[in-house]
Amino acid sequence: MIGRTFALLYPVATLVALVAIWYGAVKIFHVPAYLLPLPGDVIERIREDFWFLLHHSWITTGITLGGFLLSILIGVPLAIVLVASKTLERAVMPWLILSQTFPKVALAPLVVVWFGLGLGPKLAVTFLVAFFPVLVSTIVGLRSMEREMIELASAVRASTLQTFWHFRLPLALPNIFAGMKVSVAFSVVGAVIAEWVGANAGLGYLLLQANANLDTGLLFAVLVALMIIGVVLYYAVELIERLVIPWHSTIRLQNPSA
Amino acid sequence: MAQPITIRDVSKTFGSGPSSVQALQRIDLDVGAGEFVAIVGASGCGKSTMLRLVGGLSAPTSGRIEIGGQCVSEPGPGIGIVFQTPVLLPWRNVEQNVQLPLVIQRSGNDPQRIQALLDLVGLRGFERSRPFELSGGMQQRVALCRALVTDPSLLLMDEPFGALDALTREQMNLELQRIWLETGKTVLLITHSITEAVMLADRVVVMTPRPGRIREIIEVDLPRPRDFTALRQTAFHEACDRIRLLMNASGFVE
């Protein structure tokens, strides 16, 4: 417990230092508030507009989570299919990889043109940004069965389905979670992009509004809100990971007592 | 019921063309029902390949292998295999790992049998432990229980104790002998330890590498149950010396 408290001390110290530099820079160089407000002003702004920010945060969180869940619901089964079928993998995988070199942000306006401004297109944009890490990690995980494990499955006469269920899928879980952690961070990015392109609510929409009005205080308040959403969702995934795969070495070695 | 093994003119070649490697060349071997046979040889002599062929995990390029008169084409129900590493599933506890073959074959759980097996290898009280909480020797004992849980008539072991320290290894040797004496299974043990082979086996098959061939088969004429005091007996030394001589002659020393 004492170790944990100390572990928390490091990132907090970094935060304090960064805020101090921010404060110092604004004071020393006389940066005007419309370029960079003081940390205290940002906090004040968050306090003033708390419910307003919470409302828009809630909307953005919904889109983020929706896109993230879609990434898992489509990414994991797609990976399973691609691993199961060599033919399909050869046909599809090069294009999936190529599609990732392409800036997905550029697709967002097209999605709006095609599907309009509802919730669906926003989820689609978020999904496009976030699903690839889940797909790739799941593929790697499903392939990570070692020779002796394959032979064991064969020796106990497991069918293809049983081999998948009792061996391949659980063995892939650590990789799937690694992909999900990247994906959940991407999902926040995806949701903001979706709201930039066409929305009348949400943090992405607020960012544009604040930008247009040169309301830098609000801009910073929104950034803080986005940061909180990202961190909370990331640690939520990590918590689920701890519960689902407590046996994995990356988790065991973090808490030797468990 | 123990099963005899018949290996007739078996060869195995990996790959094809100029890059192909002949792992086994014209192997002939008969293992009697209930017999304990050890196969020794330097690394790369094809002894593991031979075990995989007998276990039906891969097919011979030519020749035939029969277990109890049945030609082997895929892993059969009457075979238990112990690998070089325990390959336990980390998300299953000890009991669940031992249970795995029963779950896969849908043959119904048998808690009493699992408990008896865990008792047999001295793992009572560790039923709920996770594999990572156990030492290497304990993990390999769980793997042994998993191989035995379907009560196979034939036990195939691929250097099962190679990764263990000398003391644990001797302990496991004694346990294996005890299990074999109690159950009367046919056992094929691959090892690179001459002492282990002579200590446990009725006959020791000495293989020479590239391509893998049977050099000679040594009968070990020592009374059972053996223990490590047998190390002092002349018959033990003679067998060990003979095997070492054969392995040296083929240019490979352990």
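Here the structure is shown first, and the text comes after it.
Predicted model only: the values in this text are computed from it and were never measured.

What counts, and where the lines are drawn
- Counting restarts for each chain, with residues numbered from 1 along the sequence as it is written.
- Each chain gets a letter, beginning with A, and each ligand a number, beginning with 1, in the order they are written.
- Only residues with pLDDT of at least 70 get local features here, since the model is predicted, and only at 80 or more are side-chain atom pairs given and counted; chain-wide, interface and lining totals rely on the full set of residues.
- Values shown for side chains rest on all heavy atoms present in the structure; no hydrogens or waters enter the calculation.
- In this scheme, strands are said to pair when DSSP sees at least two bridges between them.
- Secondary structure elements follow DSSP: runs of H or I no shorter than four residues count as helices, runs of E no shorter than two count as strands, and numbering proceeds from the N terminus.
- Fitting a line to C-alpha atoms yields each axis, with helices limited to the stretch in contact; the angle taken between N-to-C directions then spans 0 to 180 degrees.
- Contact between two residues is taken to exist if any of their heavy atoms lie within 4.5 Å; hydrogens are not considered.
- The buried label applies to any residue whose accessible area, calculated with a 1.4 Å probe on protein chains only, is under 20% of its type's maximum; exposed applies above 50%, and partly exposed to all values in between.
- By convention a crossover is right-handed if, when the strands point away from the viewer, the path from the first strand over the helix to the second runs clockwise.
- Among buried residues, the Ala, Val, Leu, Ile, Met, Phe, Trp, Tyr and Cys ones that are joined through side-chain atoms within 4.5 Å form a nonpolar core.
- The salt bridge definition used is simple: a Lys or Arg side-chain nitrogen within 4 Å of an Asp or Glu carboxyl oxygen.

Draft legend 1. Focus on the sheet that holds strand S3 (residues 36-40) of chain B. All names here are of chain B. Spatially, the six strands line up as an open sheet ordered S6-S7-S8-S3-S9-S10, and their pairing is mixed. Each of the sheet's edge strands pairs with one partner strand only, and the pair in question is strand S6 (79-82) and strand S10 (213-219). Ignoring which end each strand starts from, the neighbouring axes of this sheet average 15° apart. Bridge count for S3 against strand S9 (residues 203-208) is four bridges, and the pairing is parallel. Bridging from a neighbouring strand, Ile-39 pairs with Val-205 of S9.

Draft legend 2. Region of interest: the sheet that holds strand S4 (residues 62-67) of chain B. All names here are of chain B. Reading across from one edge, S2-S1-S4-S5 is the order of the four strands in this open sheet, with antiparallel pairing throughout. Either end of the sheet is taken by a strand with one partner, and the two such strands are strand S2 (21-31) and strand S5 (70-71). Strand direction decides the pairing type here: strand S1 (residues 5-14) and S2, joined by seven bridges, are antiparallel. Across the sheet, residue Val-10 finds its bridge partner in S2, namely Ile-27. Of the strands in this sheet, S1, S2 and S4 are in contact with helix H1 (residues 47-54), which crosses S1 at around 120°.

Draft legend 3. Structural view of the pairing of strand S8 (residues 186-191) of chain B. Residues and elements named next belong to chain B. Burial runs high along S8: six of the six residues are buried. What you see with S8 is no split at all: Thr-186, Leu-188 and Ile-190 on one side and Val-187, Leu-189 and Thr-191 on the other are buried throughout. Two strands pair when backbone bridges link them, and S3 and S8 are joined in this way by five bridges, in the parallel orientation. Paired with Val-40 across the two strands is Thr-191, which belongs to S8. Bridge count for strand S7 (residues 154-158) against S8 is five bridges, and the pairing is parallel. Bridging from a neighbouring strand, Leu-156 pairs with Leu-188 of S8. For the handedness criterion, the β-α-β arrangement of S7, helix H5 (residues 166-183) and S8 is classed as right-handed.

Draft legend 4. Structural view of the nonpolar core. Within the largest apolar cluster, 69 residues are counted, with the highest numbers of intra-cluster contacts made by A:Phe167, B:Ile5, B:Ile7 and B:Val54. Ranked by residue count, the leading element in this core is helix H8 (residues 160-197) of chain A, at 10 residues. For B:Ile7, the contacting residues outside a window of four places in its chain are B:Ile27, B:Asp28, B:Leu29, B:Met50, B:Val54, B:Arg64 and B:Ile65. In this structure, B:Leu120, B:Val142, B:Trp180 and B:Leu222 belong to the second largest nonpolar core, which totals 52 residues.

Draft legend 5. Molecular detail of the pattern of salt bridges. For the coordinates displayed, the defined rule picks out 24 salt bridges over all chains. Residues B:Lys185 and B:Asp151 are paired through a salt bridge, measuring 2.7 Å at the closest nitrogen-oxygen approach. Here B:Lys185 is found in the loop between H5 and S8, whereas its partner B:Asp151 is found in the loop between helix H4 (136-148) and S7, with 34 residues between them in sequence. A relative accessible area of 5% means that B:Lys185 is categorised as buried. Its salt-bridge partner being B:Asp202, residue B:Arg224 comes within 2.7 Å of it at the nearest N-O pair. Residue B:Arg224 is found in the loop between S10 and helix H7 (234-249), and its partner B:Asp202 is found in the loop between helix H6 (194-200) and S9; the two are separated by 22 residues along the sequence. Here B:Arg224 falls in the partly exposed class, since its relative accessible area comes to 26%. Residues joined in a network through salt bridges with shared partners are A:Arg147, A:Glu151, B:Arg52 and B:Asp158.

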